[in-house]
Amino acid sequence: MSKKILVLPGDGIGPEIVNEAVKLLDVLRSRHGLDAELTQGLLGGCAVDATGKPLPDETLSAAREADAILLGAVGGPQYDKLDRPLRPERGLLAIRSELELFGNLRPAILYPQLASASSLKPEVVSGLDIMIVRELTGGIYFGQPRGIEQADGERRGYNTLAYKESEIERIGRLAFETARKRDGRLCSVDKANVLEVSELWREVMERLHAEYPDVELSHMYVDNAAMQLVRAPKQFDVMVTTNMFGDILSDCAAMLTGSIGMLPSASLDRHSKGMYEPIHGSAPDIAGQGLANPLATILSVAMMLRYSLDEPALADRVEAAVGRVLDQGLRTGDIHTEGTRRVGTAEMGEAVIAALAE
Ligand code: IPM
Ligand code: MG
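Bear in mind the structure is a predicted one, so any value in this text is a computation, not a measurement.

### Things to note about the overall build of the protein chain
Helix and strand counts for the protein chain stand at 12 helices and 14 strands. A globule of 358 residues ought to have a C-alpha radius of gyration of about 21 Å, and the protein chain, at 20 Å, matches this closely. Across its three principal directions, the C-alpha atoms of the protein chain cover 60 × 50 × 45 Å. Out of the 358 residues belonging to the protein chain, those deemed buried represent 53%. Across the protein chain, the fraction of contacts at a sequence separation of at least 24, relative to all contacts at a separation of at least 6, is 75%. Accessible surface for the protein chain amounts to roughly 15700 Å². Of this, 50% is attributable to carbon and sulfur atoms. Positive and negative charge centroids in the protein chain, built from 38 and 52 side chains respectively, lie 1 Å apart.

Right under this line is the structure:
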């Protein structure tokens, strides 16, 4: 049966990078046997402009029907002054939550061709390959109560950090399974020296460990984890953590590779549905100029092929094509260094398609 892919280009550079990924999907369909149908929808600022809502009902129902979703990026300065419920980010948080996309996989891989783009010394980062497993539908992002209230003559803002055992357990399982398929080492990151919710997190991770004795489990406080990521990042294989700690640590890990424009991500539900998006944002400063790096979006398609479409061989093929294009010395502005050839969004996308055939 044909798989359904919902494409949500979003805002800023979203449409141009997604356009390259769609061209690639079309080639996979016409020449490489991918059986999938694509439809497009609105999410984020463009959806507010067109419908008054960052996550229109139509998009949500198309997303429920889909086997996989490809998202560009959402947000832009023109939307920053909107009321909080109308902001593009709210659309993103709502779709994650409505579809229960609790498992966010964020790889941080250093491409050997780009070693000099990192701000850390080459010997500290060469061969870096970390997978951050971030809980995505719970924790302080969604905890109730939340708000800003009037109290004792001033305003008081508050949020709630809470996790149920079942929420910790399902992200823990995903992390143990992920570690099992990699180097078998899992580091759970928390703040158990201060927070009760972290104490419970640690206890559940320990309990699960009994079911995954082949995986080596360690625990680290989040402040130390941030330091270790910058000091000696290669000590990590898989890291699992809460929504907000994962938000912060994954940006840090991504930057270690010097090429945030290269990194894809997957947000998975408990079956095989997933939303796939580049880690970088909507980059409004370069939007519409044909300069953005489409490789993170193209690599997000590879993750989609692997995790939602059951096409691991095609996923390998796309990843290999990206490697070849880097070997050829093609670089968009964000990863450009002396001696390489600077190209735009479309030329990069087309080069990947050409390299698919090799
Ligand atoms: C991310 C982003 C989002 C988050 C924002 C845009 C709401 O930073 O995906 O990491 O905080 O989760
Ligand atoms: Mg973030």
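Structure's up, so let's keep going.
### Side note on the packing of aromatic side chains
In the structure shown here, the tally under the stated rule is two aromatic pairs. The interplanar angle of 5° and the centroid separation of 4.8 Å between the aromatic rings of phenylalanine 176 and tyrosine 212 together place this pair among those described as stacked. Residue phenylalanine 176 is located in helix H6 (residues 165-180), and its partner tyrosine 212 is located in the loop between helix H7 (196-209) and strand S9 (216-221); the two are separated by 36 residues in the primary sequence. With a relative accessible area of 0%, phenylalanine 176 lands in the buried category.

### Some remarks on the site of ligand 1
Ligand 1 sits among Glu89, Arg96, Arg106, Arg134, Tyr141 and Asp247. Take arginine 96: an N or O atom from its side chain is 2.7 Å from an oxygen atom of ligand 1. With the chains in place, 72% of the 320 Å² that ligand 1 exposes on its own is no longer accessible. Applying the majority rule of atoms within 2 Å of the grid points places ligand 1 in the second largest pocket. When grouped by side-chain class, the residues that make up the shell around ligand 1 number one nonpolar, no polar and five charged.

### Quick word on the environment of tyrosine 212
For tyrosine 212, a relative accessible area of 3% translates into the label buried. Residues tyrosine 212 and alanine 179, spaced 33 residues apart in sequence, show a C-alpha to C-alpha distance of 9.8 Å. Once residues lying within four places of it in the same chain are set aside, the contact partners of tyrosine 212 are Arg173, Phe176, Glu177 and Arg180. A polar contact is formed between the side chain of tyrosine 212 and the side chain of arginine 173, at a distance of 3.5 Å.

### Some points on the domain arrangement of the protein chain
Segmentation of the protein chain into domains returns domain 1 (1-102 + 269-358) and domain 2 (106-262). Once you take the C-alpha centre of each, domain 1 and domain 2 turn out to be 23 Å apart. Between domain 1 and domain 2, the contact holds 25 residues from the first and 22 residues from the second. In total, about 2100 Å² of surface goes out of reach between domain 1 and domain 2, with carbon and sulfur atoms giving 65% of it. Looking at the side of domain 1 facing domain 2, the largest losses of area belong to Arg96, Phe102 and Ile279, adding up to 34% of the total buried there. Counting across the domain 1 and domain 2 interface gives one salt bridge.

### Regarding the pairing of strand S10 (residues 238-241)
The side chains of a regular strand alternate, residue by residue, between the two faces of the sheet. Neither face of S10 is open: one carries Val238 and Val240, the other Met239 and Thr241, and all of them are buried. Sheet topology places strand S5 (residues 129-135) next to S10; four bridges connect them, and they run parallel. Residue pairing in the sheet places methionine 131 in a bridge with valine 238 of S10. The sheet contact formed by strand S8 (residues 185-190) and S10 spans three bridges and is parallel. Its bridge partner being in S10, cysteine 187 is matched across the sheet by methionine 239.

### Regarding the layout of surface pockets
Computed from the structure, the largest pocket encloses a volume of approximately 710 Å³. Surrounding the largest pocket, 27 residues form its lining, Leu105, Met131, Thr178, Met303 and Tyr307 being those nearest its centre. Of the residues forming the lining of the largest pocket, the biggest block, six residues, is contributed by H6. Partitioning the lining of the largest pocket into residue classes produces 12 nonpolar, three polar and 12 charged. Structurally, the lining of the largest pocket is a two-domain feature, drawing no fewer than three residues from each of domain 1 (1-102 + 269-358) and domain 2 (106-262). Of the volumes computed, that of the second largest pocket is approximately 620 Å³. Along the walls of the second largest pocket sit 27 residues, with Val74, Glu89, Leu92, Leu93 and Arg96 positioned nearest its centre. At the level of elements, strand S3 (68-73), helix H4 (88-98), helix H9 (243-256) and strand S12 (274-278) are the ones that each hand at least two residues to the lining of the second largest pocket. In terms of residue count, H4 provides more of the lining of the second largest pocket than any other element does, six residues in total.

Conventions adopted
Residues numbered from 1 in each chain as written. Chains lettered and ligands numbered in written order. Predicted model: local features only at pLDDT ≥ 70, side-chain atom pairs only at ≥ 80, totals over all residues. Heavy atoms only, no water. Helix = DSSP H or I, 4+ residues; strand = E, 2+ residues; numbered from the N terminus. Rg over C-alpha atoms; globule rule 2.2 N^0.38 Å. Buried < 20%, exposed > 50% of the residue type's maximum accessible area, 1.4 Å probe, protein only. Contact = heavy atoms within 4.5 Å. Areas by Shrake-Rupley, 256 points an atom, 1.4 Å probe, with all protein chains shown as cover. Lys, Arg positive; Asp, Glu negative; His and termini not counted. Charge placed at Lys NZ, Arg CZ, Asp CG, Glu CD. Phe/Tyr/Trp six-rings, centres within 6.5 Å; stacked < 30°, edge-to-face > 60°. Near = heavy atom within 4 Å. Polar contact = N/O pair within 3.5 Å; in protein donor to acceptor, adjacent residues only side chain to side chain. 1 Å grid on protein atoms, 1.4 Å probe; cavity = no way out; pocket = protein on both sides within 12 Å on 5 of 7 lines; lining within 4 Å. Sits in = over half its atoms within 2 Å of the grid points. Nonpolar A, V, L, I, M, F, W, Y, C, P; charged D, E, K, R; others polar. Domains from an automatic or database assignment. Buried area = accessible area lost by both parts, 1.4 Å probe. Salt bridge = Lys/Arg side-chain N within 4 Å of Asp/Glu carboxyl O. Pairing = 2+ DSSP bridges. Points joined across faces, edges and corners; volume = space filled by probe spheres on them.

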